[in-house]
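# Structural overview
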Amino acid sequence: MGNGQHQIPTKEELIKKYDRINTIEQEHPGRARFLQSRNLNCIALCEVITSKDLRKHGNIWVNPISDYVCTRFLFVYENGQVGDVNINTQDAKIHREIIQIMKYTEQRIPTLNEYCAVCDERHVFQNHPMLKPAVCTRELCVFSFYTLGVMSEATEEVATGAEVVDLLLAMCRAALLSSRKSIIFEPYPSAVDPSDPKTLAFNPKRKSYDRLQSALDSVLLIRKMAQGPHSEIKKQMDRIDPLAHPLLQWIIASNRSHIVKLPLSRQLKFMHTPHQFLLISSPPAKEARFQAARKLYGSTFAFHGSHIEDWHSILRNGLVTASYTKLQLHGAAYGKGIYLSPISSVSFGYSEMGNGQHQIPTKEELIKKHNRINTIEQEHPGRARFLQSRNLNCIALCEVITSKDLRKHGNIWVNPISDYVCTRFLFVYENGQVGDVNINTQDAKIHREIIQVMATKSC
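For the structure given in this document, a descriptive report is provided here. (Residues numbered from 1 in each chain as written. Predicted model: local features only at pLDDT ≥ 70, side-chain atom pairs only at ≥ 80, totals over all residues. Heavy atoms only, no water.)

### A closer look at the sheet that holds strand β7 (residues 258-261)
What counts here: For two strands to pair, DSSP has to find at least two bridges joining them. Numbering of helices and strands runs from the N terminus; a helix is a DSSP stretch of H or I covering at least four residues, while a strand is a stretch of E covering at least two. Only the stretch in contact is used when fitting a helix axis, every axis being a line fitted to C-alpha atoms; angles between N-to-C directions are given from 0 to 180 degrees. By definition, residues are in contact when any of their heavy atoms lie within 4.5 Å.
The strand order across the open sheet formed by 5 strands is β7-β8-β14-β11-β9, and the pairing between neighbours is antiparallel. Only two strands of the sheet have a single partner each, and these edge strands are β7 and β9 (299-306). The sheet shows a mean angle of 25 degrees between the axes of neighbouring strands, direction not considered. Each of β7, β8 (276-280), β11 (392-401) and β14 (421-430) touches helix α5 (residues 162-177); the most contacted strand, β7, lies at about 125 degrees to it. Along the sheet face, helix α10 (residues 284-297) touches β9, β11 and β14 and points at about 105 degrees away from the line of β14.

Take a look at the structure:
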């Protein structure tokens, strides 16, 4: 530290070397922090087991057992900055401060998803914590996220596959077209207006479903037809509607569940659809409670069916008890709780499979509406999979705690404790495709196949 031997080239040196200044976007204030520094140094603070194996030679300690040393913190110094050289971790005050921070960190990390990634306040819109971190709807946080990129790396799903993106768009479209949109389209988007960064183009306090639908139609049109890198697709969206890309960003970033397409080798063959996804929405704290309950009571698997229009909210708020609330759609004949079934046909019925109610506009309808066919490149075969479908249905396969709280009324099960139900898989059917109605998760062969896939998933 202080020798200045490890230097990062300056921005001017890089520009001079590559001579490509006109092709590189200018940096955001505060971005690329350490790449602006001429000198960087790092030291780690570790927790060490004080067994007899730890050899102390004055102020130099040696531990031959790597399992007995764990890193806890990393401190970075830049531009010749020098740390306090007199810190002694064995000083009682220093040691106490380290312990306090360690305890706070251990308590907060499992619940980070419950707080806004910018202001660190509890989310105001959710009923239950979800898996991924997110930015709250407070306007200052929205501006910080979209205009300054504050904490964007913690919330953006950069690895979201194209098929997952199209599924999110289809779910959003179904919710927006629903007669219940004022209830189920929650949360409402928050996005900064690109033409006026000081205002919100989409604001939960001033909802405009017509403007939202117009922007979403533009996104759907480009997703169905455009090709090329992300930057080119963004240009196409900006040309048609400047709010299209901000909306697409919000749809991806606001998804708080982990969705990954399952490879064919790890799909559940008995579900008879190639569109199978790993779906994990439980945050670490809920998953820990679920695992503890499973050790006490055991678990099994059951299906949950909901309209495609409801999944936009489910992916952001989780499976919630809708009974006796404004979210209730099918009644609550068996009391309050999350409704499940071991029989596929029951959940298919709840998902409205085969009714063809939830339709996505065709490419021709979108082209006719926007009349900009000549400005958009033609689509790749197989792209925008779900956006070509006229009818989509989804059911989830959940793991359920088999405690006495689980009430079984024939093939309809009701669990009043939301912590005792965790989504594991999502199955999507399109264009009137119908799944096998005779699947029973309590069948030994079916149950064994589910366990095998669960054991091998590495997504």
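After that view of the structure, there is still more to cover.
### Notes on the nonpolar core
Worth spelling out the cut-off: Here, the term nonpolar core denotes a set of buried Ala, Val, Leu, Ile, Met, Phe, Trp, Tyr and Cys residues that are joined through side-chain atoms within 4.5 Å. Relative accessibility thresholds used throughout: buried, under 20% of the residue-type maximum; exposed, over 50%; partly exposed, between the two (1.4 Å probe, protein chains only).
In terms of nonpolar packing, the biggest core is built from 55 residues, with W311 and L426 touching the most fellow members. When residues in this core are grouped by element, the largest group, 11 residues, is from α5. Each residue touching L426, except ones within four places of it in the same chain, is listed here: L167, M171, H275, Q276, F277, L279, W311, C394, I395 and A396. By size, the runner-up hydrophobic cluster in this structure holds 19 residues, among which are I280, I395, L397 and I450.

### Notes on the sheet that holds strand β10 (residues 338-340)
Pairing is antiparallel across the open sheet formed by 3 strands, whose spatial order is β10-β13-β12. In the strand order of this sheet, the two ends are held by β10 and β12 (407-409), each with one partner. Across the sheet, the axes of successive neighbouring strands diverge by a mean angle of 25 degrees, strand direction being ignored. For β10 and strand β13 (residues 412-415), the ladder comprises 3 bridges, and the chain directions are antiparallel. Pairing of L340 across the sheet is with W413, part of β13.

### Examining the pattern of salt bridges
Filter applied, for reference: Salt bridges are defined as contacts in which a side-chain nitrogen from Lys or Arg sits within 4 Å of a carboxyl oxygen from Asp or Glu.
By the definition in use, this model includes 11 salt bridges. The salt bridge partner of E163 is K261, with a shortest N-O separation of 3.1 Å. Highlighted residues: E163 in helix α5 and K261 in strand β7, separated in sequence by 98 residues. Residue classification places E163 among the partly exposed positions, given a relative accessible area of 22%. Relative accessible area serves as the criterion here: at 30%, K261 is assigned to the partly exposed category. Through salt bridges with shared partners, one network takes in E287, R294, E399 and R424.

### Concerning α5
Filter applied, for reference: Multiplying 1.5 Å by the helix residue count minus one yields the expected span of that helix.
Under the 1.5 Å per step criterion, the end-to-end length of α5 is 23 Å for 16 residues, consistent within 8% with the ideal 22 Å. Among the 16 residues that make up α5, 13 are buried, leaving the element largely enclosed by the rest of the structure.

### Concerning the packing of α5 against helix α9 (residues 244-253)
The condition that has to hold: What sets the label is the angle itself: under 35 degrees gives roughly parallel, over 145 gives roughly antiparallel, 65 to 115 gives roughly perpendicular, and the rest give oblique. Each residue is assigned to one of three groups, with Ala, Val, Leu, Ile, Met, Phe, Trp, Tyr, Cys and Pro labelled nonpolar, Asp, Glu, Lys and Arg labelled charged, and all others, Gly among them, labelled polar.
At a minimum axis separation of 10 Å, α5 and α9 run at an interaxial angle of 100 degrees. One way to sum up the angle between α5 and α9 is to call them roughly perpendicular. Contacts between α5 and α9 involve V165, L168, L169 and C172 from the former and L248, I251 and I252 from the latter. Of the residues in the contact of α5 with α9, the class split is 7 nonpolar, no polar and no charged.

### Focus: the environment of G435
Positionally, G435 belongs in the loop between β14 and α14 (444-456). Its relative accessible area of 7% is what places G435 among the buried residues. Taking the C-alpha atoms as reference, G435 lies 8.7 Å from F270; in sequence the two are 165 residues apart.

### Some thoughts on a nonpolar patch on the surface
Quick note on the threshold: Here the term patch refers to residues with relative accessible area over 30% and no salt bridge, with like charges joined within 9 Å and nonpolar side chains (Val, Leu, Ile, Met, Phe, Trp, Tyr) within 5 Å. Note that accessible areas follow from Shrake-Rupley with a 1.4 Å probe, and for residues the cover is restricted to the protein chains shown.
A grouping of I49, Y68 and V69 is seen on the molecular surface, where their side chains present a nonpolar patch of about 220 Å² in accessible area. Note that Y68 resides in the loop between β3 (60-62) and β4 (69-78).

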